[in-house]
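The lines below spell out each chain.
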Amino acid sequence: VNHDGPLTMLQTWEKYSHLLLCNVSGLPPVTPLEVEKFKEAQHAHCEKVVHALKKKWLPSVVDIFRKDAAAAAAAGIPNDEDESSGDAAILAAVSALMFNQLRALLTNSVKTYVEFLQKFTPADNKHTAEGPDGGRALFTIKMLVEGEGCKFNPSAGSLAKTLLAILDHFVAMLNTLPRIEGDLGRNSALGSLLAVCTLDDELIAEAKADVQAVVEANMEATSEMLRRYAPYQYLLSAETEKRVEDFNKADHSLVEHTAEILRFTKATIDVGEKAPDEVLFNLVSINASAVKQKVAHRAQELALLLTASVGSKFATRDAAICHQYQEMSARLMVHPSSDEEMVELERYLQESKETLMELNKELNGARKQLAFLVEHAYQFSDEELKLIGSTWLWPSRIKPLLDACYKRLKDERNRAEEELNARKDKFMEEIEEFVAIGEAFQSYGEFARVSENVATLNKLLADIVGAKERAELLNTEEELLGFARTHFVQLESVPAQLLPYTTLWRNAQDFQKQSYMWLNGSMKGMDPELVEKEVMTMWRTNFKCLKDFEPEEGADDAEAIDLSKPRKVAEALKLQMDDFKEKLPVISVVCNTGMRERHWEKVSKIIGYAFKPSDTTSLLTVLGMGLDRHLETLTEISDAASKEYSLERALDKMYNEWAPLEFTVKDWRDTGTYIVGGVDEVQQLLDDHIVKAHTMAGSTFIGPHEARTTAWVNKLVLIQDAIDIWIKVQGVWQYLEPIFGSEDIMRQMPKEGKLFKEQDAMWHEMLRKVHANVNVLAVADIPGLLESFKKQSELLEQVQRGLNEYLEMKRLFFPRFFFLS
């Protein structure tokens, strides 16, 4: 195509052919850049260049062809928009030329950009501290602490992504340049924009691969930095902190604490001296100042934790020492109000020697801790400083208190010992008085002084019991003060020596009182057997006293104790008891609880006049009636009365055993009536009592109770007969009740059904009465009990016979019925 426009375009492009989409020459010569700022600078430059192309170059090209179009119009050349026309061919050639010019611009820019970055590739994969031509590293990367490790910002991936994004921006910006057809008023089938390049173009793909290779080659520097800080990595771990906490919890010496603190202090120094703040590599400069500061600070924190632990233990130890001294001071200033408190304080003083030794050891340990804390510049609080001052003053404050307490206790002990000896002397005088009173009983022989002598004995024995309690208190105080126990033997010997006299005089007093009550009191309720038992007991006791007061055989008259007077008292008491013993047979007769009206009538006939003791009749009155002359006959009457009374009591006992006994009655299904439960207990008692009642009825002494006994025997037999037939009827009724509860059976066996209904009604009525009062004796008194059950038994026998005949008939027609019972 012969046209001057493309030639003019080429001339115009010479003004722009030197442009690049990147600017790598205007970067700061010394300071490394942040990659984001680098990206922003490249984007800004790229956008500036494209803007210049849009505002200057592209309008210049449009003007070239707009002028040609105007010239053609002035010459009268028609305007033909057909695609095959010459103008279209020219525009296509122009677009191709523009594409090539822009493609060349992109290629030069990409090449320049990649070559610039490739200058920072380490030679032979060795990192250096300088960039290309001895310059500085291009980018700065910060090394930061993250958790228990470190990270890099930006990371290798982020750095590569940012640098690759610059290439993408080149393509995107160039692709925004429009085609000239639109400005010339022409349409284009290829769209309105020049498609200079795509992101997957080989040019861009190769450039990205080269940039990625440069980044990867340089980012090996991060591994180098991690290696340099690896020796201090443990300071950031939670395990190290836990180990320090566990160390503080355990019991470790100050030497061990010092070693641990020095370990972390040395780590702090090493980090400051050996760990680099910043390291320059070809492409990047890695700034590790944040990591260095964090690691050093962490080492200091761990060292402070160890020091603070010692400070806490020191404060606790000081507080405990102070508290012990305060407690000791309070105890030493106490004035004992009793011997127990005095001895306890003495014991405490003795123990305080060991306590003070332990406190001195604790103080020495506290001094070492204090020196340790001062050496490590521990910051004490005001309270801790006050506590330290107070603790160190206590040894000098406690000594005067100890001396004063020793002196006070010495005075208290002297006083306590003097008072104890005085009380013991007075107590011995009381004991000697007890001995004298006891010895005086050898000379007491007046029977009339029974009450006086018993009172004296009782008081003396009570005083001795009280004295024993006081003796125990004295012995306790002796042991408290460290003395041997005093044995007051008289407190045991005097009661032993007094025992025969005590027995004699108390026995005499008991007999006097009892015999007076028996003779002068009411005879009613007196038990002759108990009277005889008590009299014989007192008689045997007195007989032993007579033995005790007999002179010792072979004893020297000068040494023998004169027991004649107490012996005379025992002999006089024996005579009185023997006289009362002769009255016991008469007492046995007249005080017999079995004596009834009929017996006293017999007694009256024998003595010749009417006699029956009243509630006020005394035994002395009866004995004065001369009943002993008829003793043999009266004894026979009394014996008969006793046997009759025995039968009466046996009968009453049986009644009492039956009184609470009840039948167990329970509902039977939904019939509206009841059945009786187990009767084993009733049956067992029946078997036993029927035999007993029959035996009693055959006794020769049953006469007064014959009617009652016969009635009781009849009732027991009635109960037994009723239970036997009752249980039988109940079993049959329980069997037949469900059978005749069927309407079909009632229709087929009307006669038997009627009989069963009659029996069933009787059963309901009788069990209703039983249920109203289930007491066995009350049930036995129900009128017609036995007759009712007998009648029911007869009715049920008829019903059973009819049922059997009915079944026999059915068996003839239905052989399978032979299997029914």
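Residues numbered from 1 in each chain as written. Predicted model: local features only at pLDDT ≥ 70, side-chain atom pairs only at ≥ 80, totals over all residues. Heavy atoms only, no water.

## Here's the deal with the overall build of the protein chain
Turning to step 1, where the next piece is worked out: In terms of regular secondary structure, the protein chain is built from 25 helices and six strands.
Turning to step 2, where the next piece is worked out: Against the compact-globule benchmark of 28 Å for 821 residues, the protein chain has a radius of gyration of 68 Å, which places it well outside the compact range.
Turning to step 3, where the next piece is worked out: For the protein chain, the C-alpha atoms occupy an extent of roughly 200 × 125 × 45 Å along the three principal directions.
Turning to step 4, where the next piece is worked out: Out of the 821 residues in the protein chain, the part that is buried amounts to 40%.
Turning to step 5, where the next piece is worked out: Put simply, the protein chain has 95 plus and 129 minus side-chain charges, and the middle of one group is 2 Å from the middle of the other. (Helix = DSSP H or I, 4+ residues; strand = E, 2+ residues; numbered from the N terminus. Rg over C-alpha atoms; globule rule 2.2 N^0.38 Å. Buried < 20%, exposed > 50% of the residue type's maximum accessible area, 1.4 Å probe, protein only. Lys, Arg positive; Asp, Glu negative; His and termini not counted. Charge placed at Lys NZ, Arg CZ, Asp CG, Glu CD.)

## Some thoughts on the pairing of strand β2 (residues 149-153)
Turning to step 1, where the next piece is worked out: Inspection of the sheet shows strand β1 (residues 139-146) paired to β2 by five bridges, in the antiparallel sense. Bridge pairing links methionine 143 to phenylalanine 152 in β2.
Turning to step 2, where the next piece is worked out: Where β1 folds back on β2, the antiparallel hairpin that results is connected by two residues, among which glycine 147 adopts a positive phi of roughly 65°. (Pairing = 2+ DSSP bridges.)

## With respect to the sheet that holds β2
Turning to step 1, where the next piece is worked out: Pairing is mixed across the open sheet formed by four strands, whose spatial order is β2-β1-β4-β3. Strands at the two margins of the open sheet, each flanked by one partner only, are β2 and β3 (278-280). Direction aside, neighbouring strands of the sheet carry axes that sit 25° apart on average.
Turning to step 2, where the next piece is worked out: Where β1 lies against strand β4 (residues 284-287), four bridges are found, and the strand directions are parallel. Each bridged residue has a counterpart across the sheet, and for lysine 142 the counterpart in β4 is asparagine 287.
Turning to step 3, where the next piece is worked out: In this fold helix α9 (residues 289-332) packs onto β1, β2 and β4, with an angle of close to 25° to the strand it touches most, β1. (Axes fitted to C-alpha atoms, helices over the stretch in contact; angles between N-to-C directions. Contact = heavy atoms within 4.5 Å.)

## Some remarks on the nonpolar core
Turning to step 1, where the next piece is worked out: Tyr113 and Leu163 are the most contacted members of the largest nonpolar core, which totals 176 residues.
Turning to step 2, where the next piece is worked out: Per-element accounting of this core gives the leading share, 14 residues, to α9.
Turning to step 3, where the next piece is worked out: Setting aside anything within four residues of it in sequence, one finds leucine 163 in contact with Val35, Phe38, Tyr113, Leu117, Phe139, Val211 and Val215.
Turning to step 4, where the next piece is worked out: Among the nonpolar cores identified, the runner-up in size contains 56 residues, and Ile719, Met746, Leu785 and Leu803 belong to it. (Core = buried A, V, L, I, M, F, W, Y, C linked by side-chain atoms within 4.5 Å.)

## Some thoughts on a nonpolar patch on the surface
Turning to step 1, where the next piece is worked out: Together, Met809, Leu812 and Phe813 make up a nonpolar patch on the protein surface, roughly 370 Å² of accessible area in all.
Turning to step 2, where the next piece is worked out: By secondary structure assignment, the location of phenylalanine 813 is in helix α25 (residues 785-813).
Turning to step 3, where the next piece is worked out: By relative accessible area, which is 63% here, phenylalanine 813 ends up exposed. (Patch = residues over 30% accessible without salt bridge, like charges linked within 9 Å, V, L, I, M, F, W, Y side chains within 5 Å. Areas by Shrake-Rupley, 256 points an atom, 1.4 Å probe, with all protein chains shown as cover. Salt bridge = Lys/Arg side-chain N within 4 Å of Asp/Glu carboxyl O.)

## What to know about the pattern of salt bridges
Turning to step 1, where the next piece is worked out: Counted by the stated rule, this structure contains 40 salt bridges.
Turning to step 2, where the next piece is worked out: For arginine 415, the salt bridge identified is with glutamate 419, shortest N-O distance 2.9 Å. Of this pair, arginine 415 and glutamate 419 both sit in helix α11 (residues 382-440), four residues apart, which is roughly one turn of the helix.
Turning to step 3, where the next piece is worked out: Overall, the relative accessible area of 30% leaves arginine 415 in the partly exposed class.
Turning to step 4, where the next piece is worked out: Exposure remark for glutamate 419: the relative accessible area of 35% places this residue in the partly exposed category.
Turning to step 5, where the next piece is worked out: As a salt-bridge pair, lysine 468 and glutamate 492 come within 3.6 Å of each other at their nearest N and O atoms. Of the two residues, lysine 468 sits in helix α12 (residues 450-480) while glutamate 492 sits in helix α13 (residues 490-520), which places them 24 residues apart along the sequence.
Turning to step 6, where the next piece is worked out: Judged by its relative accessible area of 34%, lysine 468 falls in the partly exposed class.
Turning to step 7, where the next piece is worked out: Overlapping salt bridges, with partners in common, bring together Glu224, Arg227 and Arg228 in one network.

## Comments concerning the packing of aromatic side chains
Turning to step 1, where the next piece is worked out: Evaluated as defined, the whole model comprises 23 aromatic pairs.
Turning to step 2, where the next piece is worked out: Centroid distance tyrosine 229 to tyrosine 232: 6.4 Å. Interplanar angle 70°. Geometry classified as edge-to-face.
Turning to step 3, where the next piece is worked out: Residue tyrosine 229 is classed as buried on the basis of its relative accessible area, which comes to 2%.
Turning to step 4, where the next piece is worked out: A residue is classified by how much of its surface remains accessible, and tyrosine 232, at 9% relative accessible area, is buried.
Turning to step 5, where the next piece is worked out: Ring centres of tryptophan 733 and tryptophan 763 lie 5.2 Å apart, and the angle between their planes is 20°; on these two criteria the pair is classed as stacked. Taken together, the residues span a long stretch of sequence, with tryptophan 733 in helix α21 (residues 706-740) and tryptophan 763 in helix α23 (residues 750-772) at a distance of 30 residues. Of the two residues, tryptophan 733 and tryptophan 763, both sit in the buried class. (Phe/Tyr/Trp six-rings, centres within 6.5 Å; stacked < 30°, edge-to-face > 60°.)

## Topic: unusual backbone geometry
Turning to step 1, where the next piece is worked out: Of note, the bond from asparagine 153 into proline 154 is cis; its omega dihedral lies within 30 degrees of zero at 0°.
Turning to step 2, where the next piece is worked out: Positionally, proline 154 belongs in the loop between β2 and α4 (156-174).
Turning to step 3, where the next piece is worked out: Positive phi is not limited to glycine here, since alanine 377 has a value of about 55°.
Turning to step 4, where the next piece is worked out: Here alanine 377 is to be found in the loop between α10 (339-375) and α11.
Turning to step 5, where the next piece is worked out: Overall, alanine 377 belongs to the exposed group, its relative accessible area being 54%.
Turning to step 6, where the next piece is worked out: For arginine 669, which is not glycine, the phi torsion reads 50° and is therefore positive.

## A word on the side chain of asparagine 453
Turning to step 1, where the next piece is worked out: Looking at the secondary structure, you find asparagine 453 in helix α12.
Turning to step 2, where the next piece is worked out: Sequence-distant contacts of asparagine 453, that is, excluding residues within four places in its chain, are made with Phe441, Tyr444, Glu446 and Trp505.

## A short note on the packing of α11 against α13
Turning to step 1, where the next piece is worked out: Two elements in contact, α11 and α13, have axes whose closest approach is 10 Å; the angle formed by their N-to-C orientations is 15°. Between α11 and α13, the angle is such that the two are roughly parallel. Crossing angle aside, the handedness with which α11 passes α13 is left-handed. Contact with α11, carried on its side by Phe427, Met428, Ile431, Glu432, Phe434, Val435 and Gly438, involves Gln490, Leu491, Val494 and Leu498 of α13 and no other residues of that element.
Turning to step 2, where the next piece is worked out: Residue composition of the contact of α11 with α13, grouped by class: eight nonpolar, two polar and one charged. (Parallel < 35°, antiparallel > 145°, perpendicular 65-115°, else oblique. Left-handed = near helix turned anticlockwise from the far one by under 90°. Nonpolar A, V, L, I, M, F, W, Y, C, P; charged D, E, K, R; others polar.)

## Re helix α5 (residues 202-218)
Turning to step 1, where the next piece is worked out: Here α5 contains 17 residues, and its C-alpha end-to-end distance of 25 Å stays within 8% of the 24 Å for a straight helix at 1.5 Å per residue.
Turning to step 2, where the next piece is worked out: At the N-terminal end of α5, a side-chain oxygen is found 2.8 Å from the backbone nitrogen of leucine 203, two or three residues along, and the residue is aspartate 201. (Expected span 1.5 Å × (residues − 1). Polar contact = N/O pair within 3.5 Å; in protein donor to acceptor, adjacent residues only side chain to side chain.)

## Things to note about the environment of isoleucine 431
Turning to step 1, where the next piece is worked out: Looking at where isoleucine 431 falls in the secondary structure, it is placed in helix α11.
Turning to step 2, where the next piece is worked out: For isoleucine 431, a relative accessible area of 0% puts it in the buried group.
Turning to step 3, where the next piece is worked out: Contact partners of isoleucine 431, with chain neighbours within four places excluded, come to Phe488, Gln490 and Leu491.

## Some thoughts on the packing of α23 against α25
Turning to step 1, where the next piece is worked out: Remark: α23 packs on α25, axes separated minimally by 9 Å, with the N-to-C direction vectors making an angle of 155°. Of the possible angle classes, the one that applies to α23 and α25 is roughly antiparallel. Here α23 runs over α25; the crossing is left-handed. Residues Glu752, Leu755, Phe756, Glu758, Gln759, Met762, Trp763 and Met766 of α23 pack against Leu785, Ser788, Phe789, Lys791, Gln792, Leu795, Leu796, Gln798, Val799, Gly802 and Leu803 of α25.
Turning to step 2, where the next piece is worked out: Here the residues of the contact of α23 with α25 are counted per class, giving eleven nonpolar, five polar and three charged.

## Some words on the side chain of arginine 408
Turning to step 1, where the next piece is worked out: Looking at where arginine 408 falls in the secondary structure, it is placed in helix α11.
Turning to step 2, where the next piece is worked out: Glutamate 412 provides the closest opposite charge to the buried, unpaired arginine 408, separated from it by 6.8 Å.
Turning to step 3, where the next piece is worked out: Apart from the residues lying within four places of it in its own chain, the contact partners of arginine 408 are Leu332, Met333, Val334 and His335.

## A few points about the environment of aspartate 527
Turning to step 1, where the next piece is worked out: Checked against the element boundaries, aspartate 527 lands in the loop between α13 and α14 (528-548).
Turning to step 2, where the next piece is worked out: Note: C-alpha distance between aspartate 527 and threonine 593 (66 residues apart in sequence) is 7.4 Å.
Turning to step 3, where the next piece is worked out: Within the local environment of aspartate 527, its side chain forms a polar contact with the backbone nitrogen of glutamate 529, the two atoms lying 3.1 Å apart.

## Observations regarding the confidence of the model for the protein chain
Turning to step 1, where the next piece is worked out: With 93% of its residues at a pLDDT of 70 or more, the protein chain has an overall mean of 84.
Turning to step 2, where the next piece is worked out: Ignoring residues within four places in sequence, the model shows residues 80-84, a span with pLDDT below 50, making four contacts including any to other chains. (pLDDT = per-residue confidence, 0-100.)

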